[in-house]
Amino acid sequence: MKRILITGGTGFIGSHTVSCLLEKGFDLCIVDSLINSSKKSLERVKEILKKKNIDINEKINFFKGDLRDKSFIDSLFKSSAKEGKPIDGVIHFAGLKAVAESVVDPIKYWDNNVIGSFNLIKSMNENNCKTIVFSSSATVYGNNSDQLISESSNINTINPYGSTKLVVENLLNDIQDKNSRKWKIAILRYFNPIGAHHSGLIGENPLEKPNNVFPLIINAAYEKDRLKVFGNDWPTHDGTCIRDYIHVMDLAEAHITAIDYLFKNNNQLINLNIGTGKGYSVLDLIKTFEKVNNVEVPFIFSNRRDGDSCKLVANNLKAKQILNWNPLRSLEDMCRDGWRWKQMNPKGYF
Ligand code: NAD
Ligand code: WQD
């Protein structure tokens, strides 16, 4: 079975993907600086697999370290090769992701996300590992007004976080230029991942106060901390913004199909939107959460948030066709699973 290096593997999307990869039998080297996660997520992943009677002995190897330290990354490739199990491919999640923080401290974001990714890609090149799935984001489309956003929609980043994603996409495009074509690259542009593993054992565990709407809805329901809904005068069916929320397990499964696709096909670069193709408003999300969980989500309307878009929904046909992937879980599932995670782990992994 192939050995995959997962960067950012203890984080929200990383830990869910790790559980899916182990279930499929992959052998994993997991790297994380733990700047925004806990190693306990991997203990929980082991628990999930134990319950399914899946033996992961020696298939889950964790290394604490920062991608900005290139000698650390080099050592992972070298020691794997020495063991006779060279790294066949990389799924690169590691990065900082708070848009507002990136506006306040752009250098922190360029340092972490760009230098980290550059070191990783350079080390991969030197160690002849040329298969990578990269976590990009719908943020690269900026305030796009297309009804559905396709991969050929206009790219226009509007914050430093988005710029760091785009610059890594550009680097990947440059190394996979038309003359050399030596790499296998999948750039996945995620829309709005929410929810948690159905078991309630792993989920989103931000170490700082969250900014995204879904963890804030959970907190509002749990702590009766009122959610501020940013604007009720948008040109949508109920006046609140529309987004494409995708269950984190559907997103995790997209990574399995993407790396599998790269392993089985010729050298290439593909950009793929990973969303459900369905849009829901903030009020739709709140109401669904209240209904399926039988809880109240206290909220007030406040002003529009600077830089928000009215509607961002993926055209996901390319991912469906190329990867033979389909998002299966509903908004109800996302709300139920996210709430179960919170109830079972009110303080996250602590
Ligand atoms: P997360 O913060 O839970 O996970 C990221 C992980 O990377 C964390 O465990 C963190 O400790 C680690 N990390 C950060 N910088 C590192 C470094 N220099 N070296 C080693 N480890 C480092 O975030 P997530 O939601 O799981 O996001 C994963 C990826 O997906 C990120 O690249 C993010 O930008 C991207 N993304 C996330 C979303 C979203 O809404 N969650 C949407 C689009 C794209
Ligand atoms: C969703 C909706 C808000 C908070 C961000 C990043 C994007 C990607 C996903 C990483 C919007 C509304 C929010 C609140 C609210 N991340 N909202 N009250 O802005 O679509 O995307 O996360 O790549 O790059 O920009 O997600 O969860 O912040 O907002 O009413 O307190 O919820 O206005 O309509 P967004 P979000």
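The structure under discussion appears in the preceding block.
This report concerns the structure included in the present document.

Rules behind the numbers
Residues numbered from 1 in each chain as written. Chains lettered and ligands numbered in written order. Predicted model: local features only at pLDDT ≥ 70, side-chain atom pairs only at ≥ 80, totals over all residues. Heavy atoms only, no water. Salt bridge = Lys/Arg side-chain N within 4 Å of Asp/Glu carboxyl O. Helix = DSSP H or I, 4+ residues; strand = E, 2+ residues; numbered from the N terminus. Near = heavy atom within 4 Å. Polar contact = N/O pair within 3.5 Å; in protein donor to acceptor, adjacent residues only side chain to side chain. Areas by Shrake-Rupley, 256 points an atom, 1.4 Å probe, with all protein chains shown as cover. Buried < 20%, exposed > 50% of the residue type's maximum accessible area, 1.4 Å probe, protein only. Pairing = 2+ DSSP bridges.

**Observations regarding the pattern of salt bridges**
(1) Moving on: Applying the stated criterion across every chain, the model contains 21 salt bridges.
(2) Moving on: Of the charged contacts in the structure, one is a salt bridge between R304 and D233, with a shortest N-O distance of 3.0 Å. Taken together, the residues R304 in the loop between β13 (299-302) and β14 (311-312) and D233 in the loop between β8 (227-230) and β9 (242-243) connect sequence positions 71 residues apart.

**Some points on the site of ligand 2**
(1) Moving on: Inspection of the region around ligand 2 gives 19 residues, with S137, Y161, K228, R243 and D308 positioned closest.
(2) Moving on: Note that an oxygen atom of ligand 2 is positioned 2.9 Å from one of the backbone N or O atoms of F230.
(3) Moving on: Residue D308 places a side-chain N or O atom 2.4 Å away from an oxygen atom belonging to ligand 2.
(4) Moving on: For ligand 2, the accessible surface in isolation is 680 Å², of which the surrounding protein chains cover 87%.

**Quick look at the pairing of strand β6 (residues 184-190)**
Along any regular strand the residues' side chains alternate between the sheet's two faces.
(1) Moving on: Among the 7 residues of β6, 7 are classified as buried, and the element is accordingly described as predominantly covered.
(2) Moving on: The alternating pattern of β6 places K184, A186, L188 and Y190 and I185, I187 and R189 on opposite faces, both of which are buried.
(3) Moving on: In this structure, strand β5 (residues 131-137) lies alongside β6, joined through 7 bridges in parallel fashion. Its bridge partner lying in β6, F134 is registered against I187.
(4) Moving on: As paired elements, β6 and strand β11 (residues 268-274) share 7 bridges and run parallel to each other. Paired with R189 across the two strands is N273, which belongs to β11.

**Focus: the sheet that holds β9**
(1) Moving on: If you walk across this open sheet you meet the 3 strands as β12-β9-β14, and the pairing is mixed. Every interior strand has two partners, whereas the edge strands, β12 (280-281) and β14, have only one.
(2) Moving on: Across 2 bridges, β9 lies against β12 in antiparallel orientation. Bridged to I242 within β12 is S281.

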